[in-house]
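# Observations on the model geometry
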Amino acid sequence: MIREHCGVFGAVGEGSVKLTYEGLKLLQHRGQESAGISWTKDGRVKLVKGLGLVGEAIDPERLEESEASIGHVRYSTTGSTTLEEAQPLGNDRISVSFNGTITNYFMHGDYPTDTEFILTFLEREMKGGKPLKESLKGFMDVADGAYSLLVLARDGTVLAVRDPRGFRPLVLGKINGAWVVSSEDSVIRQLGGQVIGSVHPGELVVIQRGGIKREQVFHMLGTTCAFEYIYFARSDSVIDGVSVYSARIKLGEILAERHPARADVVVPVPESSRPIALGFSRRSGIPLEEALVRTVYSKRSFIMPSNEKRNEVLKEKFGLVDVAVRDKRVVLVDDSIVRGNTMNRIVSSLRGAGAREIHVRIGSPMIRYPCYMGIDFPKRSDLLARSGDLRRIAEEIGADSVEYLTVEEMELAIGKRTICEACFTGDYPLRGKYDLSSLERVFSR
Ligand code: SF4
């Protein structure tokens, strides 16, 4: 399983702060380490943030009414779990919230995180006399990597920017007359709003009480992260015109067609692989059994920074319905395998419950390379599929067989060929060329 990165939400108009608070709660799946909201009051930017889930991190009593706010839920990929590094990051003049990773931030100076780089860059440009919008365009010029970025200025303007490749989603909408911008459109709809559409890759949007102004700063081919469709985003989201739910069903259908297994039951690893398993079950005719039960109140295992803590959490993460798998041949469907420790533990508990055979089918290609665009994969040597050898992978996780989708099959399911596939292919759609070993030193845990 993969750690998500972050979610952002912003609103300009009546009830802004409440909307941002509610929006962040609905984006909680994208980050559970910290949360924060900043808003404007009397010409100053104010901020509340804390560690944990939105409900733990932000005391609603401390929020004030305002017509402009931005917020953030975080899972860190650079930096650690500390309050200082929680977002929004800023001061009484400006604050920033972003989802992604600035791949080349360390080449621009000695910044503790890429968020610090963004803030320092913008402040420096503005001190030099540039308006915020121009400073942000200057930032887009020098920054490489993934950023769906919100900036709140003390005059109550929110600026929303999506990097030229559009690695992470960002969507514009309106809720009760207020303009909103959210990592995912499902949140806007759930809050009773109307989705206007994606902020386009390379686009900058200035959002003010009186309306929005859109400017296409870069014209490049968008390459949204394939894993937004496979794993990160909520199933009820639509990203750049593609329904995440339909893509997941199709991943499962193609998996069943091209990588079948003789089995009695299909078992999904909850939560995100459920539609993939449903697609597999429908296409293969093998019945679906919800044999793994996610223990509702446990946190996502990869919130935990160390292996030891992670394994502790894995133990309590899934319950197992023994009768659903006893004496059965099981197709175990998951969306991805990173290190393999979750999968190994699940396979051994299925065996312990009496499953006769376990065939693992994965609704994505093999993850063989790290990500430098906002997703926290370990270094290459810790990736289970680094060798590309299926027999060895099956042995390592203790399964009778393991098969993955190919890159072409995944594209077919998502219905798009212009997506980022770098963690499968090693071909990074970044603007600059980098020495990958130095990126690995900077970004891998
Ligand atoms: S490398 Fe993989 S996880 Fe990272 S942005 Fe590309 S597809 Fe997404």
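Reading guide: rules and limits
Residues numbered from 1 in each chain as written. Predicted model: local features only at pLDDT ≥ 70, side-chain atom pairs only at ≥ 80, totals over all residues. Heavy atoms only, no water. UniProt positions renumbered as here; feature names shortened; annotations may be inferred. Helix = DSSP H or I, 4+ residues; strand = E, 2+ residues; numbered from the N terminus. Buried < 20%, exposed > 50% of the residue type's maximum accessible area, 1.4 Å probe, protein only. Core = buried A, V, L, I, M, F, W, Y, C linked by side-chain atoms within 4.5 Å. Domains from an automatic or database assignment. Polar contact = N/O pair within 3.5 Å; in protein donor to acceptor, adjacent residues only side chain to side chain. Contact = heavy atoms within 4.5 Å. Buried area = accessible area lost by both parts, 1.4 Å probe. Salt bridge = Lys/Arg side-chain N within 4 Å of Asp/Glu carboxyl O. Nonpolar A, V, L, I, M, F, W, Y, C, P; charged D, E, K, R; others polar.

As recorded in an unreviewed UniProt entry, the chain goes by the name Amidophosphoribosyltransferase, listed as coming from Metallosphaera yellowstonensis MK1. Taken directly from UniProt, the Catalytic activity (unreviewed entry) text for the chain runs: "5-phospho-beta-D-ribosylamine + L-glutamate + diphosphate = 5-phospho-alpha-D-ribose 1-diphosphate + L-glutamine + H2O".

## A few points about the UniProt feature "binding site: [4Fe-4S] cluster" (unreviewed entry) in the chain
Following the UniProt record, one finds the feature "binding site: [4Fe-4S] cluster" (unreviewed entry) at C225, C371, C420 and C423. Taken along the chain, the residues just named run across 199 residues; in space they keep tight, none of their C-alpha pairs more than 10.1 Å apart. As for its placement among the helices and strands, C420 is situated in strand β23 (residues 419-420). With relative accessibility at 9%, the residue C420 sits in the buried group.

## Structural notes on the nonpolar core
L122, F139, L149, F227 and M373 are the most contacted members of the largest nonpolar core, which has 76 residues in total. Three or more residues apiece are contributed to this core by two domains, here domain 1 (6-222) and domain 2 (242-443). Core analysis: the second largest hydrophobic core is formed by 29 residues, V330, L350, I358 and V360 among them.

## A closer look at the environment of R356
With respect to the helices and strands, the residue R356 is situated in the loop between α10 (341-352) and β21 (357-362). Placed 80 residues apart in sequence, R356 and I276 show a C-alpha to C-alpha distance of 23 Å. A polar contact of 3.3 Å, which involves the side chain of R356, links it to the backbone oxygen of D327.

## Here we look at the domain arrangement of the chain
A common measure of how large an interface is: the accessible area buried when the components associate. The domains assigned to the chain are domain 1 (6-222) and domain 2 (242-443). Using only C-alpha atoms to locate each centre, domain 1 and domain 2 end up separated by 31 Å. Domain 1 puts 30 residues into the contact, and the matching count from domain 2 is 19 residues. In total, about 2100 Å² of surface goes out of reach between domain 1 and domain 2, with carbon and sulfur atoms giving 59% of it. Contact with domain 2 buries area across many residues of domain 1, yet T103, D144 and F167 alone supply 25% of it, more than any other trio. Between domain 1 and domain 2 we count zero salt bridges in total. Across the contact surface, domain 1 and domain 2 share ten residue pairs in polar contact (both at pLDDT 80 or more). Per-class residue counts for the side of domain 1 that touches domain 2 are 13 nonpolar, eleven polar and six charged.

## Considerations on the UniProt feature "active site" (unreviewed entry) in the chain
Following the UniProt record, the feature "active site" (unreviewed entry) maps to C6 here. Structurally, the position occupied by C6 is in strand β1 (residues 6-12). Sequence-distant contacts of C6, that is, excluding residues within four places in its chain, are made with R30, H72, V73, R74, Y75, F98, N99 and S183.

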